[in-house]
Amino acid sequence: MTYIDGMILAVPTANKEAYCELSRKTATVFKEHGALSVTECWGDDVPEGKLNSMHTAVMREPDETVAFSWIVWPSKAVRDAGMAKVMDDPRMRPDAMPFDGKRMIYGGFDVIVEG
């Protein structure tokens with residue numbers, strides 16, 4: 001079964017285009033190193049929770065938008081090998097990030113249902 005890397009982060013709303021541009025560039029790198037697909041989403045209907053929410057998880061500021069992303073890999077083995085190559089790829093070292101990477105939440109997931 002496929003393997004997924006998932007990420008959620010807060011992006012300054014004014015940096016949306018810079019984030020989109022970075023996302024397009026990094027998607028190319030991930031796919032060159034084995035990813036099947038890369039999906040980037042911009043928050044549109046992300047409710048505030050009473051106890052917790054995506055907003056609080058990433059400590060979103062009033063001038064920021066929640067972004068949600070995932071990368072689909074054929075397997076964890078392909079992901080591990082591909083991710084090592086991605087991290088060594090000089091294109092993955094942008095001059096400036098359009099978001100605060102310290103508040104990014106990410107993880108790898110085994111797919112248990114795929115439909």
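On a predicted model such as this, the values are computed, not experimentally measured, just so you know. (Residues numbered from 1 in each chain as written. Predicted model: local features only at pLDDT ≥ 70, side-chain atom pairs only at ≥ 80, totals over all residues. Heavy atoms only, no water.)

1. Quick word on the sheet that holds strand β2 (residues 37-42)
Filter applied, for reference: Strands are treated as partners if at least two bridges between them are detected by DSSP. In this text, helices come from DSSP runs of H or I with a minimum length of four residues, and strands from runs of E with a minimum of two, each type numbered from the N-terminal end. Axis definition: a line fit to C-alpha positions, over the contact stretch in the case of helices; interaxial angles, taken between N-to-C directions, run 0 to 180 degrees. Residues are treated as being in contact if the distance between any of their heavy atoms lies within 4.5 Å.
On the basis of which strands lie adjacent, the open sheet formed by four strands has the order β2-β3-β1-β4 and antiparallel pairing. Among the strands making up the open sheet, the edge pair consists of β2 and β4 (105-110). The average undirected angle you get between the axes of adjacent strands in this sheet is 15°. Relative to strand β3 (residues 64-73), strand β1 (residues 3-12) is paired through 10 bridges, and the arrangement is antiparallel. Counterpart to aspartate 5 in the pairing with β3 is isoleucine 71. With respect to the sheet, helix α1 (residues 16-32) is in contact with β1, β2 and β3, its orientation differing from that of β2 by roughly 165°.

2. Structural notes on the pattern of salt bridges
Using the following cut-off: Put simply, a salt bridge is a Lys or Arg side-chain nitrogen that is within 4 Å of an Asp or Glu carboxyl oxygen. A 1.4 Å probe rolled over the protein chains alone gives each residue an accessible area, and that area as a share of the maximum for its type sets the label: buried under 20%, exposed over 50%, partly exposed in between.
Under the counting rule described, the total for this entry stands at 11 salt bridges. Close ionic contact of arginine 79 with aspartate 5 constitutes a salt bridge, the shortest N to O distance being 2.8 Å. In this pair, arginine 79 is assigned in helix α3 (residues 76-88) and aspartate 5 in strand β1, connecting sequence segments 74 residues apart. Of the two residues, arginine 79 and aspartate 5, both sit in the buried class. Across the pair aspartate 89 and arginine 91 runs a salt bridge, and its minimum N-O distance is 2.7 Å. Here aspartate 89 falls in the buried class, since its relative accessible area comes to 7%. Each of the salt bridges in this network shares a partner with another, and the network as a whole consists of Asp5, Lys76, Arg79 and Asp80.

3. Focus: unusual backbone geometry
At methionine 59, a residue that is not glycine, the phi angle is positive and equals roughly 55°. Residue classification places methionine 59 among the exposed residues on the basis of a relative accessible area of 52%.

4. Some thoughts on the side chain of aspartate 89
Take aspartate 89: it is sitting in the loop between α3 and β4. What aspartate 89 contacts, discounting residues up to four positions off in sequence, is Val29 and His33.

5. A look at the nonpolar core
Stated precisely, the cut-off is as follows: Joining through side-chain atoms within 4.5 Å is the link that ties buried Ala, Val, Leu, Ile, Met, Phe, Trp, Tyr and Cys residues into a set, and such a set is a nonpolar core.
By size, the foremost hydrophobic cluster in this structure holds nine residues: Tyr3, Met7, Val29, Phe30, Ala35, Ile71, Trp73, Met83 and Val86. Breaking this core down by element, the ones donating at least two residues are β1, α1, β3 and α3. Not counting chain neighbours up to four residues away, the residues in contact with isoleucine 71 comprise Tyr3, Ile4, Asp5, Met7, Phe30, Ala35, Ser37 and Val38. By size, the runner-up hydrophobic cluster in this structure holds six residues, among which are Val11, Tyr19, Leu22 and Ala67.

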